[in-house]
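Close look at the chain arrangement
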Amino acid sequence: GAGVSQTPSNKVTEKGKYVELRCDPISGHTALYWYRQSLGQGPEFLIYFQGTGAADDSGLPNDRFFAVRPEGSVSTLKIQRTERGDSAVYLCASSAQAGAYNEQFFGPGTRLTVL
Amino acid sequence: AQSVAQPEDQVNVAEGNPLTVKCTYSVSGNPYLFWYVQYPNRGLQFLLKYITGDNLVKGSYGFEAEFNKSQTSFHLKKPSALVSDSALYFCAVRGWDTPLVFGKGTRLSVIA
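Scope of this entry: the structure provided in the associated data block. (Residues numbered from 1 in each chain as written. Chains lettered and ligands numbered in written order. Predicted model: local features only at pLDDT ≥ 70, side-chain atom pairs only at ≥ 80, totals over all residues. Heavy atoms only, no water.)

**Quick look at the packing of aromatic side chains**
In the structure shown here, the tally under the stated rule is 17 aromatic pairs over all chains. An aromatic cluster is built from A:Tyr33, A:Tyr35, A:Phe45, A:Tyr48, A:Phe106, B:Phe34, B:Tyr36, B:Phe46, B:Phe90 and B:Phe102, whose rings are joined through pairwise contacts. (Phe/Tyr/Trp six-rings, centres within 6.5 Å; stacked < 30°, edge-to-face > 60°.)

Written as structure tokens, this is what we have:
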């Protein structure tokens, strides 16, 4: 079956602009996660959704970052007033349920470059 | 705070030889441990996990990992390496109600 998909695969924007990154999880997966991966680092947790609600947003770096999942499926990560330091690969993952024992399945990522 | 250490940035091994990629962790309570592999221009792929039970867990592509509670380690192993195993490997840990935390990754290079 289809895996996690993310669009766009690449996004180049200018400092100060607004961007939206989209994630389409595996069908039927109730938990959805966003991570950010900088060069030479492992993924860093940003936020996770259980259904439509954000169950844990403790990883969001500041209030310029926001994410939604209005119908419990597709999610959008929104970044306002982008800064050069936001440049990274943004990864989305989903799992069948939110429990700690469930492995997460990752999408290919969106490479964001802020000029 | 929970954390993962992968002490080796790079591991080189000859094809056909056994390989080990090291991981140690710190977490409150019972650990839930995972290994992922990342190939160039592809997403992270799940390899295996330890939840409870047998300390030796088997996963995809012939990989296995050994959980050692006293040493807080979860090393990834394979008896005979293949050139196609060359990739970036990530160890990750979470507690029952905490986010998944990843190590920095170890680049495995299998030489023919």
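From this point, the discussion proceeds with the structure in view.
**Observations regarding the sheet that holds strand 3 (residues 19–24) of chain A**
Residue and element names in this part refer to chain A. Here we have four strands laid out as an open sheet, ordered 1-3-8-7, and antiparallel in their pairing. Strands at the two margins of the open sheet, each flanked by one partner only, are strand 1 (5–7) and strand 7 (65–68). Shown here is a sheet whose adjacent strand axes are inclined to one another by a mean of 15 degrees, direction ignored. Judged from the five bridges that link them, strand 3 and strand 8 (residues 75–79) form a sheet pairing that is antiparallel. Along strand 8, the bridge assignment pairs Val19 with Ile79. (Pairing = 2+ DSSP bridges. Helix = DSSP H or I, 4+ residues; strand = E, 2+ residues; numbered from the N terminus. Axes fitted to C-alpha atoms, helices over the stretch in contact; angles between N-to-C directions.)

**Focus: the state of the cysteines**
Residues and elements named next belong to chain A. What the rule picks out here adds up to two disulfides over all chains. A sulfur-sulfur separation of 1.8 Å characterises the disulfide bridge that pairs Cys23 with Cys92. As the torsion about the S-S bond is roughly -65 degrees, the Cys23-Cys92 disulfide counts as left-handed. A residue pair is termed long-range when its members are at least 10 positions apart, and Cys23 in strand 3 and Cys92 in strand 9 (residues 88–95) qualify at 69 residues. Cys23 sits in the buried class, given a relative accessible area of 0%. What makes Cys92 buried here is its relative accessible area of 0%. (Disulfide = S-S within 2.5 Å. Buried < 20%, exposed > 50% of the residue type's maximum accessible area, 1.4 Å probe, protein only.)

**Here's the deal with the side chain of A:Gln6**
Residues and elements named next belong to chain A. Relative to the elements of secondary structure, Gln6 occurs in strand 1. Of the polar contacts made by the side chain of Gln6, one reaches the backbone nitrogen of Cys92; its length is 3.0 Å. Of the polar contacts made by the side chain of Gln6, one reaches the backbone nitrogen of Gly109; its length is 2.9 Å. (Polar contact = N/O pair within 3.5 Å; in protein donor to acceptor, adjacent residues only side chain to side chain.)

**Regarding the interface of chain A and chain B**
The interface of chain A with chain B comprises 21 residues on the first partner and 18 residues on the second. For the pair chain A and chain B, the two sides together bury roughly 1,600 Å², of which 58% comes from carbon and sulfur. Summed over the shared surface of chain A and chain B, the number is one salt bridge. Among the ionic pairs, B:Lys49 bridges to A:Glu103, the shortest N-O distance being 2.6 Å. Our enumeration of links across chain A and chain B arrives at four residue pairs in polar contact (both at pLDDT 80 or more). Sorting elements by how many residues they give to the side of chain A that touches chain B places strand 4 (residues 31–37) of chain A first, with three residues. Taken together, the residues of the side of chain A that touches chain B break down into ten nonpolar, nine polar and two charged. (Contact = heavy atoms within 4.5 Å. Buried area = accessible area lost by both parts, 1.4 Å probe. Salt bridge = Lys/Arg side-chain N within 4 Å of Asp/Glu carboxyl O. Nonpolar A, V, L, I, M, F, W, Y, C, P; charged D, E, K, R; others polar.)

**Section: the pairing of strand 8 (residues 64–68) of chain B**
Residues and elements named next belong to chain B. Sheet topology places strand 7 (residues 56–58) next to strand 8; three bridges connect them, and they run antiparallel. Residue pairing in the sheet places Leu56 in a bridge with Glu66 of strand 8. Here strand 7 folds back onto strand 8 in antiparallel fashion, the turn holding five residues, of which Tyr61 has a positive phi close to 60 degrees. Between strand 8 and strand 9 (residues 73–78), which pair antiparallel in sequence order, lie four residues; one of them, Thr72, sits at a positive phi of approximately 45 degrees.

**Describing the nonpolar core**
Generally speaking, a soluble globular protein has its nonpolar side chains buried in company with each other. B:Trp35, B:Leu47, B:Leu48, B:Phe74, B:Leu76 and B:Tyr89 are the most contacted members of the largest nonpolar core, which totals 28 residues. Looking at this core, the elements with two or more residues in it are strand 2 (10–14), strand 3 (19–21), strand 5 (32–38), strand 6 (44–50), strand 8, strand 9, strand 10 (87–94) and strand 12 (106–111) of chain B. Per-element tally for this core: the top contributor is strand 10 of chain B, with four residues. Judged by nonpolar contacts, the second largest core, of 21 residues, contains A:Tyr33, A:Val89, A:Ala98 and B:Ala92. (Core = buried A, V, L, I, M, F, W, Y, C linked by side-chain atoms within 4.5 Å.)

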